[in-house]
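Coordinate inspection notes
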Amino acid sequence: MRETFTKSMARNIYYGGAVFFFLLFLALTYDTHQVLPSGDNHEAINEVVALGKKVWEENDCIGCHTLLGEGAYFAPELGNVYTRFGESTDAIKLFIKSRPAKGVPGRRSMPQFNLTDEELEAIAQFLKYVDGIKTARDWPPNIQG
Amino acid sequence: MKYQSQLVAKNYFIAAILLFTGQILFGLIMGLQYVVGDFLFPEIPFNVARMVHTNLLIVWLLFAFMGAAYFLVPEESERELYAPWLATLMFWIFLIAGALTVIGYLLFTYSDLAALTRNELFPTMGREFLEQPTITKIGIVIVALAFIFNIGMTVLTGRKTVISLVLLTGLVGLAVFFLFSFYNPDNLVLDKYYWWWVVHLWVEGVWELILGSILAFVLIKVTGVDREVIEKWLYIIIAMTLITGIIGTGHHYFWIGTPDYWQWLGSVFSAMEPIPFFMMTLFAFNMVNKRRREHPNKAAVLWALGTAVMAFLGAGVWGFLHTLAPVNFYTHGTQITAAHGHMAFYGAYVMISLTIISYAMPIMRGRTANGEKAQVLEMWSFWLMTIAMVFITLFLTAAGILQVYLQRFTEDPVPFMVAQQKIEIFYWLREFTGLVFLIGLVLYIYSFFVKEENVAA
Ligand code: HEM
Ligand SMILES: [Fe+2]
């Protein structure tokens, strides 16, 4: 680099840039918190949905599935599975409940989690809540996720 | 070696390479499960193999970063490490905690592990990359604090260089942003919003500071170029990293329920994130071209140049590929993401780890560089692993393009599982290429055991 551009100039850009953009990021985060309630479907969060999120986490569903596009890419997107399953929580419960313990020969398989009825209801309600989150341009692009 | 206490780094590097091997083996298991769906089912379901694969990656990179810090900070600070015993103690604590966690993943059903570790008291488990039981997370924080204390005291009471200060800043940032892994609200949008403060602000923020400082250190050593010049480059690279990368977090806030303005903020700023990576490439090649000495460790120079190129390709080019919101609308959460994740992690963080190991290990074993035979083997392993990773990325990219087309783009989109079957061939190719990568890794490990007659002391 040319001599006119000194190390202390570079250092000042580093400190100045880092501080400025971090503060801007904090401000945007604050604003995001203000805007969020209009689309994050928080009004649907109740004890059942909260339990559903625990069931989701404690069985590591994210290790195979994506949820709103984040997670693993081994199994279908579940952010819109409620819509895909005809807006039926029963269909979701039935699917999870009926996974064979030994898997499906030759096919990518989902474990049998042996969830209680309460947990099944909770996970289905959780997936329904996620489907209700307003994502930009209604992502995912279509029903297949 | 200038300071005796630098030697604590050796265990860290050895552990890193062993865990790296474990990571690759589990990667191969998953690669096979992609095409032979019931392979090892239900003993090792895909999600379990995946958490072992990704957590081993993170843990071994942390081992390598810590080893790098223990090696280079005394030399930069021109003093012995503040507390070498603490570094050794933390090594064993971290290794045992890491091993117990991985064994826990493999021996217990995940929900049983959650119950066993009382996740309900402070639920943090079950989120991608943050699968560790809460108690393990607390352990990581404790190890990180002891480590930063040790490194910090060494830096602050010794000669302060730009390299050691930037490294320290990166390490403190790593620890601070990890704290967000303890925040797990019921509101999924907020959960995801702050989850990225760990993941994105790590790899596209503070880790780049660590990467830049290690690269700068090795380049000073192997090229003999004036420190002033190298430090100026380092400042301007990390300045660009933070200027683009912090607001660039917005490229993860497109489709998770966050406000619309993130669409253009995330697109514009993350589109500039390749700049610091490109500068890193210019930096490395410039310094090597202007070198004032011929360092006998040719392999280390190769790794350093390789890091600069592959980080730019994986993070810069493959990141840019899908970072604009209109593109990401289609590619979000597909094999395109997987392709990018692989080459970026390998090109930037795996390769910088192998760079510092390549430079430091011979020195810690009492010589400036390995002999001819070992170096040739190491360079072979460089090419095998790197070319294998390029092809893994290309195959996953091909799979991703087809997946996007079949499942999201055509008039008549097909279900996920149908699309996956149609692109099977690319998963097979990826798996074979993964075997080539493993051969490269075996060769790499073997290069440490080559017996040589005449090596430069
Ligand atoms: C060395 C630096 C980098 C590493 C290690 C890295 C790694 C990753 C990983 C592992 C993911 C997947 C996260 C998940 O599981 O959801 C990801 C996602 C992503 N990365 Fe990077 N990345 C790096 C740099 C970059 C850069 C510089 C850009 C932009 C130019 C970028 C753009 C993206 C985008 C847009 C996504 C989201 C993909 C999606 O929508 O599914 N990355 N990155
Ligand atoms: Fe990112």
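Below, the discussion takes up the overall build of chain B. Broken down by element type, chain B carries 16 helices and zero strands. Scaling as 2.2 N^0.38, a compact globule of 457 residues should have a C-alpha radius of gyration of about 23 Å, and chain B matches this with 22 Å. Along the three orthogonal principal directions, the C-alpha set of chain B runs to about 65 × 45 × 45 Å. When the 457 residues of chain B are sorted by exposure, 67% land in the buried category. Taking contacts inside chain B between residues at least 6 apart in sequence as the whole, the part at least 24 apart equals 81%. Here chain B has roughly 16,100 Å² of accessible surface; of this, 72% comes from carbon and sulfur atoms. For chain B, the distance from the average site of its 25 positive side-chain charges to the average site of its 28 negative ones is 10 Å.

Right, let's get into the domain arrangement of chain A. Domain parsing of chain A yields domain 1 (1-36) and domain 2 (47-131). Computed over C-alpha atoms, the centres of domain 1 of chain A and domain 2 of chain A are 41 Å apart.

Here the focus is the packing of helix α2 (residues 46-77) of chain B against helix α7 (residues 188-223) of chain B. Helix-helix packing is described using two parameters, namely the angle between the two axes and the distance between the axes. Residues and elements named next belong to chain B. The geometry of α2 relative to α7 is characterised by a closest axis approach of 11 Å and an angle of 45° between their N-to-C directions. Put simply, α2 runs oblique to α7. Helix-helix and strand crossings are classified by hand; for α2 and α7 the assignment is left-handed. Two secondary-structure elements touch here, α2 through Ile58, Leu61, Leu62, Phe65, Ala68, Phe71, Leu72, Glu75 and Glu76 and α7 through Trp202, Trp207, Ile210, Ile214, Phe217 and Lys221. Residue classes in the contact of α2 with α7 are distributed as twelve nonpolar, no polar and three charged.

Around ligand 1 lies a shell of 27 residues, among which Glu128, His332, Gly333, Thr337 and His340 of chain B are the nearest. Close to ligand 1, residues of chains A and B are found. One of the backbone N or O atoms of Gly333 of chain B is found 2.8 Å from an oxygen atom in ligand 1. The contact in question runs from a nitrogen atom of ligand 1 to an N or O atom on the side chain of His340 of chain B, over 2.8 Å. Those elements that place two or more of their residues in the shell around ligand 1 are α7, α10 (274-289), α11 (298-321) and α13 (335-364) of chain B. Counting residues per element, the shell around ligand 1 draws most heavily on α13 of chain B, which supplies seven residues. For the shell around ligand 1, a count of residues per class yields twelve nonpolar, twelve polar and three charged.

Here we take up the coordination of the iron ion (ligand 2). Tetrahedral coordination by four donors places them ideally at 109.5 degrees to one another around the metal; octahedral coordination by six donors ideally gives 90 or 180 degrees. All names here are of chain B. Around the iron ion (ligand 2), the protein contributes the donor atoms His200 (ND1), Glu204 (OE), His251 (NE2) and His252 (NE2), at 2.1 to 2.2 Å from the metal centre. The coordination sphere of the iron ion (ligand 2) comprises four donor atoms, whose angles at the metal cover 82 to 149°; the geometry is irregular. Distance-wise, the iron atom of ligand 1 is placed 4.3 Å from the iron ion (ligand 2). Of this pair, His200 and Glu204 both sit in helix α7, four residues apart, roughly one helical turn. Residue class for His200 comes out buried when judged on its relative accessible area of 0%. Using a relative accessible area of 14% as the deciding quantity, one classes Glu204 as buried.

It is worth spelling out the coordination of the iron atom of ligand 1 at this point. Counting protein donors to the iron atom of ligand 1 gives just one, His340 of chain B (NE2), placed at 2.0 Å. Summarising the element assignment, His340 of chain B is placed in helix α13.

Residue-level contacts link 87 residues of chain B with 72 residues of chain A. Both sides of the chain B and chain A interface together cover about 7,000 Å² of buried area, and 64% of this is carbon and sulfur. Taken together, chain B and chain A are joined by five salt bridges. Where Glu231 of chain B meets Lys7 of chain A, a salt bridge forms, and the shortest distance between an N and an O atom there is 2.5 Å. At twelve residues, helix α8 (residues 227-248) of chain B tops the list of elements feeding residues into the side of chain B that touches chain A.

Phe126 of chain A together with Trp60, Tyr70, Ile151, Trp202 and Trp207 of chain B are the most contacted members of the largest nonpolar core, which totals 206 residues. Here this core takes 26 residues from α7 of chain B, the largest share from any one element. Split by domain, this core shows at least three residues from each of two domains, domain 1 (1-36) and domain 2 (47-131) of chain A. Beyond its immediate sequence surroundings of up to four residues, Trp202 of chain B is in contact with Ile58, Leu174, Phe177, Phe178, Trp197, Trp207 and Glu208 of chain B. Grouped together as the second largest cluster of nonpolar side chains are six residues, Ala136 and Trp139 of chain A together with Ala325 and Phe329 of chain B included.

The next point concerns the packing of aromatic side chains. Applying the stated rule across the entire model yields 63 aromatic pairs over all chains. Between Phe126 of chain A and Tyr129 of chain A, the ring centres sit 6.1 Å apart and the planes meet at 45°, which makes this aromatic pair tilted. Placement of both Phe126 of chain A and Tyr129 of chain A in helix α5 (residues 117-131) is noted, with a separation of three residues, approximately one turn of the helix. For the pair Phe126 of chain A and Tyr129 of chain A, a shared accessibility class is recorded, and that class is buried. For the ring pair Phe180 of chain B and Tyr194 of chain B, a centre distance of 5.9 Å and an interplane angle of 5° mean the geometry is stacked. With Phe180 of chain B in the loop between α6 (162-178) and α7 and Tyr194 of chain B in helix α7, this residue pair connects regions lying 14 residues apart in the sequence. For Phe180 of chain B, a relative accessible area of 24% puts it in the partly exposed group. Taken together through their ring pairs, the aromatic side chains of Phe22 and Phe25 of chain A together with Phe177, Phe180, Tyr183, Tyr193, Tyr194, Trp197, Tyr253, Tyr261 and Trp262 of chain B make up a single cluster.

How each quantity is defined
- Residues numbered from 1 in each chain as written.
- Chains lettered and ligands numbered in written order.
- Predicted model: local features only at pLDDT ≥ 70, side-chain atom pairs only at ≥ 80, totals over all residues.
- Heavy atoms only, no water.
- Helix = DSSP H or I, 4+ residues; strand = E, 2+ residues; numbered from the N terminus.
- Rg over C-alpha atoms; globule rule 2.2 N^0.38 Å.
- Buried < 20%, exposed > 50% of the residue type's maximum accessible area, 1.4 Å probe, protein only.
- Contact = heavy atoms within 4.5 Å.
- Areas by Shrake-Rupley, 256 points an atom, 1.4 Å probe, with all protein chains shown as cover.
- Lys, Arg positive; Asp, Glu negative; His and termini not counted.
- Charge placed at Lys NZ, Arg CZ, Asp CG, Glu CD.
- Domains from an automatic or database assignment.
- Axes fitted to C-alpha atoms, helices over the stretch in contact; angles between N-to-C directions.
- Parallel < 35°, antiparallel > 145°, perpendicular 65-115°, else oblique.
- Left-handed = near helix turned anticlockwise from the far one by under 90°.
- Nonpolar A, V, L, I, M, F, W, Y, C, P; charged D, E, K, R; others polar.
- Near = heavy atom within 4 Å.
- Polar contact = N/O pair within 3.5 Å; in protein donor to acceptor, adjacent residues only side chain to side chain.
- Donors = N, O, S within 2.8 Å, 3.2 Å for Na, K, Ca; no water.
- Tetrahedral: all angles 85-135°; square planar, octahedral: opposite > 155°, others 65-115°.
- Buried area = accessible area lost by both parts, 1.4 Å probe.
- Salt bridge = Lys/Arg side-chain N within 4 Å of Asp/Glu carboxyl O.
- Core = buried A, V, L, I, M, F, W, Y, C linked by side-chain atoms within 4.5 Å.
- Phe/Tyr/Trp six-rings, centres within 6.5 Å; stacked < 30°, edge-to-face > 60°.

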